[in-house]
2 protein chains.
Amino acid sequence: MADSSAPTRVMMAVNESSLRGYPHPSISCRAAFDWMLAKLVRSNADGFHLLFLHVQVPDEDGFDDVDSIYASPTDFQSMKQRDKIRGIHLLEYFVNQCHQLGIKCEAWTKQGDPKEVICHEVKRVQPDLLVVGSRGLGPFQRVFVGTVSEFCVKHAECPVITIKRKANEAPRDPIDD
Amino acid sequence: MADSSAPTRVMMAVNESSLRGYPHPSISCRAAFDWMLAKLVRSNADGFHLLFLHVQVPDEDGFDDVDSIYASPTDFQSMKQRDKIRGIHLLEYFVNQCHQLGIKCEAWTKQGDPKEVICHEVKRVQPDLLVVGSRGLGPFQRVFVGTVSEFCVKHAECPVITIKRKANEAPRDPIDD
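Counting from 1, residues in each chain are numbered in the order their sequence is written. Going through the entries in the order they are written, you letter the chains from A and number the ligands from 1. Whole-chain, interface and lining totals are the exception, using all residues; otherwise, since this is a predicted model, local features are given only for residues with pLDDT of at least 70 and side-chain atom pairs are given and counted only at 80 or more. Side-chain measures were taken over the full set of non-hydrogen atoms in the model, leaving aside hydrogen atoms and water.

K.L.:
Help me understand the pairing of strand β1 (residues 8–13) of chain A, please; the structure alone is not making it clear to me.
P.N.:
In regular strands, side chains alternate between the two faces of the sheet. Residues and elements named next belong to chain A. Of all the six residues making up β1, five are buried; the element is thus mostly covered by neighbouring parts of the structure. One crossover worth recording links β1 to the parallel strand β2 (residues 48–56) by way of helix α1 (residues 27–41), and it is right-handed. Whether two strands pair comes down to DSSP finding at least two bridges between them. The helix count covers DSSP runs of H or I at least four residues long, the strand count covers runs of E at least two residues long, and both are numbered beginning at the N terminus. In the sheet, β1 pairs with strand β4 (residues 129–134) via four bridges, with the strands oriented parallel. Within β4, the residue paired with Ala13 across the bridge is Val132. We call a residue buried when its accessible area falls under 20% of the maximum for its residue type, exposed when it is over 50%, and partly exposed in between, using a 1.4 Å probe and counting protein chains only. With the strands pointing away from the viewer, any crossover whose connection runs clockwise from the first strand over the helix to the second is right-handed.

K.L.:
Explain the interface of chain A and chain B to me, please; I cannot follow it from the model alone.
P.N.:
A common measure of how large an interface is: the accessible area buried when the components associate. Only heavy atoms matter for contacts: two residues are in contact if any of them lie within 4.5 Å across the pair. At the interface, 30 residues of chain A touch 30 residues of chain B. What gets called buried area is simply the loss in accessible area from a 1.4 Å probe that two parts show on being joined, summed for both. With both chains or domains summed, chain A and chain B bury close to 2400 Å², and 54% of this area falls on carbon and sulfur atoms. Notably, a salt bridge pairs Asp128 of chain A with Lys39 of chain B, separated by 3.1 Å at the nearest N-O pair. Contributing elements (two or more residues each) for the side of chain A that touches chain B: α1 and β5 (160–164) of chain A. For this classification, Asp, Glu, Lys and Arg are treated as charged, while Ala, Val, Leu, Ile, Met, Phe, Trp, Tyr, Cys and Pro are nonpolar and the rest, including Gly, are polar. Residue classes in the side of chain A that touches chain B are distributed as 19 nonpolar, six polar and five charged. Both β5 of chain A and strand β7 (residues 160–164) of chain B contribute to a ladder of three bridges, which runs antiparallel. In the sheet register, Thr162 of chain A faces β7 of chain B, and the bridge partner there is Val160 of chain B. Throughout this description, the term salt bridge denotes a Lys or Arg side-chain nitrogen within 4 Å of a carboxyl oxygen of Asp or Glu.

K.L.:
It is not clear to me how the packing of aromatic side chains should be interpreted in this structure. Could you clarify?
P.N.:
Only Phe, Tyr and Trp rings take part, Trp by its six-membered ring, and two of them pair if their centres are within 6.5 Å. Stacked means planes under 30 degrees apart, edge-to-face means over 60, and tilted covers everything else. The full count for this structure, using the stated rule, is eight aromatic pairs over all chains. Summarising the aromatic geometry, the rings of Phe33 of chain B and Phe94 of chain B are spaced 5.1 Å apart at their centres and angled 90° between planes, so their arrangement reads as edge-to-face. Of the two residues, Phe33 of chain B sits in helix α1 (residues 27–41) while Phe94 of chain B sits in helix α2 (residues 73–101), which places them 61 residues apart along the sequence. For Phe33 of chain B, a relative accessible area of 0% puts it in the buried group. You can call Phe94 of chain B buried: its relative accessible area is 0%. On the numbers, 5.3 Å between centres and 25° between planes, the contact of Phe52 of chain B with Phe94 of chain B is stacked. Highlighted residues: Phe52 of chain B in strand β4 (residues 48–56) and Phe94 of chain B in helix α2, separated in sequence by 42 residues. Members of the aromatic cluster, connected to one another through ring pairs, are Phe33, Phe52, Tyr93 and Phe94 of chain A. Lys115 of chain A extends its terminal NZ or CZ atom over the ring of Phe151 of chain A, reaching a point 5.5 Å from the ring centre. For a Lys NZ or an Arg CZ to count as sitting over a ring, it must be within 6 Å of the ring centre and within 35 degrees of the ring normal.

Spelled out as C-alpha cells, the structure:
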C-alpha cells in the first residue's frame, strides 16, 4: 500500500474564541485540530494537506468598535481592514503549527454566514473531508444558538466529521467557546 | 512527530447488501471502507486498528427461512446458527482485506437494533472514531426508512464520520443497498 496517491485534503473551519476574542481560536476548533493531528494525520505529515477556512460574520451596524457620533467613512474602512487582519492572525495559530510539523497547508478568510460559506467553499474546493469543531450543546441550547456543525453534516458535499470539545474544557456557560 | 502513540482505533459498522444478501456487504459500507483505507489509513497501516461490528436484526417471527407448517424447535435453532455463520462470512470480507494490507483488526457480531447496539458498543469499546456508511437518502425517503447514521452522529460517544456511497453506485431504488 504505497502512498503514491495525492494527499488527503482536509478542510477545517476555524473560528475565534467567544471568551478571549481575536486572535485566539475557540476551544472547540482547537480541540478538533488537536484531535485531527493526533488521530488522523499521526506521523504521516506527507499524506495530508490541510485547508483552513475562517468565516467572519459581517458586523451589520458596525457600531461596536466605532464611536457612533464621530465615525467617518474612513473609520469604517479602517475597521474593515482591522477585522481582516484579525482573521489572518487567527489563521496564523494553525498555519504555524502545521509548518512546525511539516504539514502542507493553506488558509483563507471569507465573509458571510459561517454555515453557508463553509458549504459553499466545500463545493468550490472539493476537499476529501471536512472537520468541524462542536460545542456539544444539548437540544435546548441548540434551539437558540443553532449549530454550524449540524448544518454542515447535512449539507456539505463531502464526508464531515464533528469533534466535540472535551467535557473538562467546556466553560461555565456551554454557549461560550 | 513520531508515531509512538497507540494506534487510532476506528470502529466500523458493516451490514449485508439488501440486494444480494449474505455474505455480500452493502454498497454503502463497502464505499465507507474503501474511503477510509484510501483517505485516512493511506500507507500508515501500523497507525490504525480497525474494529468491525455487524449487528444482526433478530427475525421476529422467523418464518422467512423456514417452512411454517413443518418447522420444529430444532429448525429454529439451526436457523439461528446459520444466521450467525452468515454474519461471520460478511465480516470475512473486511478482515481478509485488512490482513492483506497488514492492518490489525478485530470483528464481531451482535444482535439487536443496529443504531442502539452500535452506540452501546461505542460506549463499551471506546474507539477514537466511528465510521458509518450512508445511503444518502433525501428527507422524504428518510422519514420512512430512518437512518442509522443520523442516530449515531447524534448519540455515539465519539467522533463520527458518515460516508455516502457514490452517486454512480446507487441502485435504481435508493432504499436498496
